[in-house]
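# Survey of secondary and tertiary structure
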Amino acid sequence: MYSSIDSQSFAQIINHLGKVSDHIVDNKTYWAHRDKFERKPEETLDDHIQLVMESFKRLLHVHGLESVLDSLISKIVETSYSELTIGNVAAFIKHSFALAIFAHDFGKVNVNFQADPDKMGNPHFALRKGVLGTTHSPLSTYIFIVERLQEAQKIVTHGELLTLSKLVMGLAFSIYKHHSSAFNDDVEEKLSIKDEMLAEMREYLSLFNIKEQRSLVEGYQKTIENIFKQFQAKDSLFPIELSFPIYNLVRLNFSLLTAADYLATGQYMSGLKIQDFGVLSKERKAELIENVQKTKDYNTTVFKELDGFKFTNPKERSGKNLNTLRKEMAVEVLQNVRANTDKNLFYLEAPTGGGKTNLSMLATAELLKADERLNKVFYVFPFTTLITQTYSAIKEVFWLRDDEVIELHAKTGIKAKEQEEAEDGVYGNKKKQYVDHLLLHYPFCLLTHIRFFDIIKTNRKEANYLLHRLANSVVVIDELQSYNPSHWDKLVYFIQQYAKHYNIKFILMSATLPRIDELKVKGIEQNVFTSLIPDAKRKYFQNPNFGSRVTFDLTTIQSLPNNTNEAYKVIAERLIEESLKYAEFVSKDPKDKPKGSVYTIIEFIFKKSATEFYKLIEKLDHPFDEVFVLSGTILEHRRKHIINFLKNEENRKKKVLLITTQVVEAGVDIDMDLGFKNISLIDSDEQLAGRINRNVNKENCKLFLFEINQPGKIYDRDIRYQETIKFLRENPKTHKRILEEKDFGYLYDLVVKNIEKWNETNFAKGKLSEYLDDIKNLRFDSVNEKFKLIDQDNLSVFVPLAIPIEQNGEKIFDKSECDLLRKNDLFAHDVDGVKVFDFYLSLLDGEKGDFIEDKIRMKTLRSIMSKFTISLFANPKTETALIEFSNTEKSQFGFIYLEHWEKVYDEFKGLDESQFENVENQFL
């Protein structure tokens, strides 16, 4: 049926495939879709596949995917085949990739699919009895497998069939699952079609003029079984180097097939033809690169002085010298990017106050300039608060339009590209907005670690839609060390593989950056990252302008009483004493600073401890003008109010105490004077230090460490904690030295050795070799589930209080949210949480309308609901404790509805744990 043609482009292959009707021996008209409202004629199978292949070809071109696919295919053939067969095998794989998309709906020739009134209702066909029913994906899959395996046998020997057979199975699974919500681990089970169904499917081979090879057709199930048995055998000759290329080729096929199918179907159903795929043109890239050099005076100065720049590395503390050091770091970044444009992996390590985000934007612009293939940028953060904070900075420095950048997280609705107008007016605009959001048609995207690495390894269709968009992009990942080192080997494995095959430029940045490529584990290349600021620790971290920003005091750790309540009192008294001392110090400072003011922060591991401390402080004779509580149970509008208060210079004359949990460590842009912190991980201690004297312009700023909460309740499985405890128990001076000298490499070296040792241990669970075995055997669900950055289920608790539309002149709800609220009478002056939740229930129960309109409405409503929602660790004790205050009938739809919230929740203090009995600290 199809011949392998060497050295063809995908455009040539698509042209060669022609129309579906060219491959069918009868002259009947087969339908692919029909409009249930009968507003337009039925879409023929020919027309649908033509639209699919046009979309496929467009996606290949826009994202530069031909070279990505050639890279993956080259790795496969060069590893497994001789020079004599490489050309034919490569052509076969490329042809098979395109054919899987072209043939994905071949099964719609099933006469029952055509005849059934609930499917096509095509009058040219009559229903038949049989077990095949009205399905089409299994038949498409069967036709593809039989045809491809027969072709494979013509170009390689029996001994060389294994790799090609496995690849055919993977691509066939893409066809089989193209209407499913996810890939699972049941590849063999799904492709091993039952005997009674095989008999009916076999009849359709002749319709496509496929000459039957009896041993394959009659022994179909045995053939499939043997392929998987050989592949999964422990002594399999299949090399581990092929794990990623085959696994990713299948997932990329699924991404392109489902995206192209979605775009083509949407074009038929609603006339929506996407023209803007959200990538940067050559001309727009040039403008953005120029903008980076001009939008900020400090960047303009760097570019002007770049040629012949002389480094001075001044040590004396002053505002002028601090800016000199920032400039020197910027110059180093630019010089090292320009010297290494052929590299794809970079470290950017810069001290707090060094302008790390701005440095990353300089590096991004340089990389975009150096490689004409790059046309997208992803910024990846551990917390949504960092996304929100960085969004404005990126938009401002690059001078981006609204339609060029998007925040992608649960608290945002569907963004409107207001510059475009669809042919069918407002509704057409909404449809396009939904497609743009679903397929991420924005050249700049800010998203969370979890969302990004979900795209990297997901088995779910909706997340996998975006896989093809990663090609030819710059990806900046901030604070990668935020997650458990047990996943570092998987993180670096995927980053290296995608960088190599997808031409992605990765920049990993942090003030506490582990060198994850130093892991000596099979499957990981060592020392392949380029540092954009070499020797940063000596030149900048330990420079007095940065290194003396905060001093550390560990004396409290040894002096606390064993009784928890007494310990709280000791900490409170020390905090008040140190705050008054700092305020007095400031009042005597001749510099122009607020007199007698102090901003003090205290961080606990558990919310319950923060609440207990707040109650204690309120009983004491404290000097603070304002006492705020900021934890994971504080709603978003209150959180914004606190942060804006702290950032408002007019409030700097006050004495302020902020009682918080670990939500502030790397996710809140505030500048405090003093800090107190319950120890946890050393790098977490440093993260809180980063909220103190953030702008490096104050004296006498300190961080006092103590231990009331036992960190092991949360971090006992984290290697960093295990090493931290050793320092604290056996050699506290080491702990302090690491913090003062910023020698986190000392800690990370110990962590790396632990990971290496674990991977060398026989029968150890979770090591990389096990994970690569899952990738090799196409266990898509396992690959996804065994790599979870946060392996903890949460409960979403809806608090139905009233939230104002705006506070202090800042809007809490955006335009699309306000439109939905207004249209459905959900607010007057404030937004009523009771009405919002009842509206949510009505949408779940009500009649379904247009699919896309329903999706847009629900996405916008979810964004509104996030402003009323807090998240708690899920366990039976949590749910039991909340029952007394909840409406159980309303709590069956994804949220616990806290109907009697006044008894247990305070808008200013969050959840009151004293109302709960026998609930452990850590669930809050």
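Per chain, residues are indexed from 1 in the order of the written sequence. Reporting in this predicted model follows two pLDDT cut-offs: at least 70 for local features of residues, and 80 or more for side-chain atom pairs to be given and counted; totals over whole chains, interfaces and linings ignore these cut-offs and use all residues. To get the side-chain values, take all heavy atoms of the structure and skip hydrogens and water.

### A few points about the sheet that holds strand E22 (residues 896-897)
- Only strands joined by at least two bridges in the DSSP assignment are considered to pair. Helix and strand assignments come from DSSP, with helices taken as H or I runs of at least 4 residues and strands as E runs of at least 2, each series counted from the N terminus. Reading across from one edge, E21-E16-E22 is the order of the three strands in this open sheet, with mixed pairing throughout. The open sheet has two free edges, formed respectively by strand E21 (869-873) and E22, since each of these has just one partner strand.
- Judged from the two bridges that link them, strand E16 (residues 794-798) and E22 form a sheet pairing that is parallel. Note on E22: the bridge partner recorded for phenylalanine 798 is tyrosine 897.

### A short note on the environment of valine 904
- Position of valine 904 relative to the elements: it lies in the loop between E22 and strand E23 (905-906).
- Residue exposure (1.4 Å probe, protein chains only): buried if accessible area is under 20% of the type maximum, exposed if over 50%, otherwise partly exposed. Relative accessible area serves as the criterion here: at 1%, valine 904 is assigned to the buried category.
- Along the primary structure valine 904 and serine 866 are separated by 38 residues, whereas in three dimensions their C-alpha atoms are 19 Å apart.
- Throughout, a contact is declared for two residues whenever any of their heavy atoms are within 4.5 Å. Among all residues touching valine 904, those that are not within four sequence positions of it are Phe885, Leu898, Gly910, Leu911, Asp912, Gln915 and Phe916.

### Overview of the pattern of salt bridges
- In what follows, salt bridge is the name for a side-chain nitrogen of Lys or Arg lying within 4 Å of a carboxyl oxygen of Asp or Glu. In this structure the tally under the stated criterion is 55 salt bridges.
- In this structure, glutamate 699 engages arginine 317 in a salt bridge whose closest nitrogen and oxygen atoms are separated by 3.4 Å. Within this pair, whereas glutamate 699 is found in the loop between helix H28 (682-689) and strand E15 (702-706), its partner arginine 317 is found in the loop between helix H14 (297-305) and helix H15 (319-339), the two being separated by 382 residues in sequence.
- According to the relative accessible area criterion, arginine 317 is partly exposed, its value standing at 29%.
- Put simply, aspartate 403 and arginine 401 hold a salt bridge, and the shortest N to O gap is 3.2 Å.

### Section: the packing of H28 against helix H31 (residues 732-741)
- Between the N-to-C directions of two axes lies an angle of 0 to 180 degrees, each axis being a line fitted to C-alpha atoms and, for a helix, fitted only over the stretch in contact. Their axes nearest at 10 Å, the elements H28 and H31 cross at an angle of 45 degrees. In terms of axis orientation, H28 runs oblique to H31. The element H28 and its partner H31 pack so that their crossing is right-handed. On H31, the residues touching Ile682, Asp685 and Glu686 of H28 are His735, Ile738 and Leu739.
- Gly falls in the polar group here, along with every residue not listed as nonpolar (Ala, Val, Leu, Ile, Met, Phe, Trp, Tyr, Cys, Pro) or charged (Asp, Glu, Lys, Arg). A class-by-class count of the residues in the contact of H28 with H31 yields three nonpolar, one polar and two charged. For this classification, under 35 degrees means roughly parallel, over 145 means roughly antiparallel, 65 to 115 means roughly perpendicular, and everything else is oblique. By the definition used in this description, the sense in which the near helix is turned from the far one sets the handedness, with an anticlockwise turn below a right angle giving left-handed and a clockwise turn giving right-handed.

### What about the environment of aspartate 105?
- Residue position: aspartate 105 is located in the loop between helix H4 (83-102) and helix H5 (111-115).
- C-alpha separation for the pair aspartate 105 and leucine 45, spaced 60 residues apart in sequence, amounts to 7.9 Å.
- With near-sequence residues (within four places) excluded, aspartate 105 lies in contact with Leu45, His48, Ile49, His136, Ser140 and His178.
- Among the polar contacts listed, one links the side chain of aspartate 105 to the side chain of histidine 136, at a separation of 3.3 Å. Under this definition, polar contacts are N or O atom pairs within 3.5 Å; protein pairs additionally need one hydrogen-donor-capable and one acceptor-capable atom, and for neighbouring residues in sequence, both atoms have to be side-chain atoms.

### Section: empty space enclosed by the protein
- In this analysis the probe radius is 1.4 Å and the grid spacing 1 Å, with only protein atoms considered; a cavity is a set of points the probe fits into but cannot get out of, a pocket is an open set with protein on both sides within 12 Å along at least five of seven lines, and lining residues have an atom within 4 Å of a point. Grid points are joined across faces, edges and corners, and a volume is the space filled by probe spheres set on the points. Tallied over the full model, the rule gives three cavities of 30 Å³ or more.
- Taken together, Pro351, Thr352, Phe541, Phe546, Arg549, Glu686 and Lys742 make up the full set of residues lining the largest cavity.
- When the residues that make up the lining of the largest cavity are grouped by side-chain class, the tally is three nonpolar, one polar and three charged.

### A word on helix H3 (residues 65-80)
- Multiplying 1.5 Å by the residue count of a helix minus one yields the expected span of that helix. Here H3 spans 23 Å end to end across 16 residues, near enough to the 22 Å set by a 1.5 Å rise per residue.
- Within H3, burial applies to Leu65, Val68, Leu69, Leu72, Ile73, Ile76 and Val77. Each buried residue of H3 sits inside an arc of 155 degrees when the element is viewed along its axis, so together they form one side.
- Buried residues along H3 sit against helix H1 (10-17), helix H2 (45-62), H4, helix H7 (161-176), helix H12 (243-270) and helix H21 (488-502). In this description, one arc is meant: the one made by directions from the helix axis to the C-beta atoms.

### Regarding the pairing of strand E11 (residues 598-603)
- Buried residues dominate E11, accounting for six of its six residues.
- Because side chains alternate across E11, one face comprises the buried residues Val598, Thr600 and Ile602, and the other comprises Tyr599, Ile601 and Glu603, equally buried.
- Here E11 pairs with strand E14 (residues 674-678) via four bridges, running parallel. Bridging across to E14, isoleucine 602 finds its partner in phenylalanine 676.

### Some thoughts on the pairing of E14
- Buried residues dominate E14, accounting for five of its five residues.
- Here E14 shows a buried face lined by Leu674, Phe676 and Asn678 and a second buried face lined by Gly675 and Lys677.
- Of the strand pairs in this sheet, E14 and E15 are connected by five bridges, and their pairing is parallel. Following the sheet pairing, asparagine 678 is matched in E15 by phenylalanine 706.
- Seen with its strands pointing away from the viewer, a crossover is right-handed if its path from the first strand over the helix to the second goes clockwise. For the segment spanning E14, H28 and E15, crossover handedness is right-handed.

### What to know about the packing of aromatic side chains
- We call Phe, Tyr and Trp rings a pair once their centres come within 6.5 Å, taking the six-membered ring for Trp, and we label the pair stacked below 30 degrees between planes, edge-to-face above 60, and tilted otherwise. If you walk through the whole model with that rule in mind, you get 42 aromatic pairs.
- Relative to phenylalanine 506, the ring of phenylalanine 452 lies with its centre 6.5 Å away and its plane at 80 degrees, an arrangement referred to as edge-to-face. Of the two residues, phenylalanine 452 sits in helix H19 (residues 449-457) while phenylalanine 506 sits in strand E8 (residues 505-510), which places them 54 residues apart along the sequence. An identical accessibility class is assigned to phenylalanine 452 and phenylalanine 506; each is buried.
- Measuring from ring centre to ring centre gives 5.3 Å for phenylalanine 604 and phenylalanine 613, while their planes differ by 50 degrees; the resulting arrangement is tilted. For the pair phenylalanine 604 and phenylalanine 613, one class covers both residues: buried.
- Here the aromatic residues Phe244, Phe452, Phe453, Tyr493, Phe494, Tyr498, Tyr502, Phe506, Tyr771 and Phe787 are joined through ring pairs into a cluster of three or more.
- Over the ring of tyrosine 268 we find lysine 40, and its NZ or CZ is 5.6 Å from the ring centre. Note on geometry: a ring has a charge over it if NZ (lysine) or CZ (arginine) is within 6 Å of the ring centre and within 35 degrees of the ring normal.

Distances and angles like these do not, on their own, reveal function.
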